[in-house]
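# Residue-level structure breakdown
Each chain is listed here by its residues.
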Amino acid sequence: MKYRSVGLAVAAALAATPLPGALAAEPPAYLKPISGPPQPLSAQDLATRNVLQLNTTMFALYDNAGTAFRRNILASHPVILALFSGAGGRMILYRPGQPPLEAPSVPKAYQVMKSLGHSAMAISEVVLPYLDTPSDTSWVAPMRAYLSEMKSALETIGAAEMPDAWRANSRAILENNIAFMEDSLAKGVVTLDAVQAYAKKQAPVLRNAIAWAAQTQVKHWMGVLDGWKKDLGGNFDQAFGASNTIYVARQNNVLFSVLAQYFGEKAINDRLFLIETVSFTTTPEDMLTAVVRIISDRSVGGLFFNNDRLMDYELMGGDARKAIIAEMKARGQEPFLPPQVPFGSKQWPALISGGSGAASLDDLH
């Protein structure tokens with residue numbers, strides 16, 4: 001029976017094979033637009049595609065190697081990630097041979113102060129598009145809804161988590177908000193003069209809330225790092241650290257600046273990194289991937305160009321700089337470029353050149 005079944009299967013396959021010269025079946029109408037043999041690539045297009053495929057495959061190889069690099073790095077180096085969050089940040093310590101350790105959160109008083117500060121910003125966002133436009137009342141409904149929330153916050157501010165010395169200031173922020181909102185709703189129009197008067201009145205109390213939030217955040221994270229540095233002992237000098245930032249939080253970045261106090265100047269851009277992103281939040285997994293990529297890419301710079309910090313910079317940046325100078329010269333113009341910085345610079349990864357003008361809230365009047 002076994003041989004007969006095989007024979008029948010072969011016979012069926014032969015019967016299904018079209019005879020030489022037989023006409024192929026006409027494809028249905030819905031297949032005709034996509035039917036037919038593929039159009040051949042030109043020799044140049046084929047060659048270009050073959051070369052470009054090397055780059056596509058490179059990323060897959062990078063990912064595979066990254067997994068091994070990550071195991072090796074975490075097996076011999078502690079890693080501290082400091083990630084932005086609306087709750088004052090997250091810090092995670094990765095220790096060789098141990099599970100990740102996430103630090104306690106910043107005290108809720110930080111979030112309370114930040115929320116109070118943001119409440120004034122939110123009001124301005126509601127009204128600024130509609131200044132001196134009495135015919136447009138689009139702002140009224142959102143303002144009324146936010147006013148209700150504002151009154152609830154004021155009613156319970158006495159029990160909110162914060163030191164008692166901060167309560168009068170916190171109450172003043174809410175009362176100023178409510179007074180402005182009620183006045184605007186009663187008039188049915190928001191004027192520039194009214195907004196400016198409101199902002200001037202709020203500025204001093206908002207500055208207090210900002211200062212207290214910063215103090216709470218910094219004190220908490222420095223306490224965490226005090227403990228971690230003590231626990232790691234000499235291994236702390238082998239640790240890598242990284243913090244993430246979006247553009248507006250790059251200058252004077254709180255978490256990176258705190259880390260720098262413990263890692264020291266020589267670690268900046270060596271074992272301590274500020275990783276820029278396009279969003280406020282970044283996952284620990286993405287941060288670890290970025291740290292591993294930075295460290296592993298240094299081997300490429302060392303192998304091919306005899307400088308293991310070259311890959312920390314835009315690889316084509318030096319030649320592009322020369323090209324920009326040449327192109328500007330050809331146009332009869334002077335190039336505008338920053339000074340060249342040596343590979344391995346320990347400068348802060350933010351603006352450090354100084355200059356004139358206000359540089360803090362204390363400088364503003």
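Residues numbered from 1 in each chain as written. Predicted model: local features only at pLDDT ≥ 70, side-chain atom pairs only at ≥ 80, totals over all residues. Heavy atoms only, no water.

## Notes on the nonpolar core
Met91 and Met113 are the most contacted members of the largest nonpolar core, which has 56 residues in total. Tallying contributions element by element places helix α6 (residues 192-232) first for this core, with 12 residues. Once residues lying within four places of it in the same chain are set aside, the contact partners of methionine 113 are Met162, Trp166, Ser170, Ala209, Trp212 and Ala213. Listed in part, the 15 residues of the second largest apolar core include Leu83, Val291, Val292 and Ile295. (Core = buried A, V, L, I, M, F, W, Y, C linked by side-chain atoms within 4.5 Å. Buried < 20%, exposed > 50% of the residue type's maximum accessible area, 1.4 Å probe, protein only. Helix = DSSP H or I, 4+ residues; strand = E, 2+ residues; numbered from the N terminus. Contact = heavy atoms within 4.5 Å.)

## A few points about a nonpolar patch on the surface
Residues Leu303, Phe304, Phe305, Leu315 and Met316 make up a contiguous nonpolar surface patch of about 630 Å² in total accessible area. Judged by relative accessible area, leucine 315 falls into the partly exposed class, the value being 41%. (Patch = residues over 30% accessible without salt bridge, like charges linked within 9 Å, V, L, I, M, F, W, Y side chains within 5 Å. Areas by Shrake-Rupley, 256 points an atom, 1.4 Å probe, with all protein chains shown as cover. Salt bridge = Lys/Arg side-chain N within 4 Å of Asp/Glu carboxyl O.)

## Structural notes on the environment of proline 163
The residue proline 163 is located in the loop between α4 (140-156) and α5 (167-187) in this model. Between the C-alpha atoms of proline 163 and alanine 109, which are 54 residues apart in sequence, the distance is 7.9 Å.

## Some thoughts on the packing of helix α3 (residues 108-127) against α4
Relative to each other, α3 and α4 sit at 165 degrees, their axes nearing to 10 Å. One way to sum up the angle between α3 and α4 is to call them roughly antiparallel. When you trace α3 past α4, the crossing you get is left-handed. The residues of α4 that touch α3, namely those facing Ser119, Ala122, Ile123, Val126 and Val127, are Pro142, Met143, Tyr146 and Met150. Classifying every residue of the contact of α3 with α4 by side-chain character gives eight nonpolar, one polar and no charged. (Axes fitted to C-alpha atoms, helices over the stretch in contact; angles between N-to-C directions. Parallel < 35°, antiparallel > 145°, perpendicular 65-115°, else oblique. Left-handed = near helix turned anticlockwise from the far one by under 90°. Nonpolar A, V, L, I, M, F, W, Y, C, P; charged D, E, K, R; others polar.)

## Considering the packing of α6 against helix α7 (residues 254-263)
Interaxial distance between α6 and α7 falls to 10 Å at its minimum, and their mutual angle equals 35 degrees. The interaxial crossing formed by α6 with α7 has right-handed handedness. Each of Gln217, Val218, Trp221, Met222, Leu225, Asp226 and Lys229 in α6 lies in contact with α7, whose residues at this interface are Val254, Leu255, Val258, Leu259, Gln261 and Tyr262. A breakdown of the residues in the contact of α6 with α7 according to their chemical character gives nine nonpolar, two polar and two charged.

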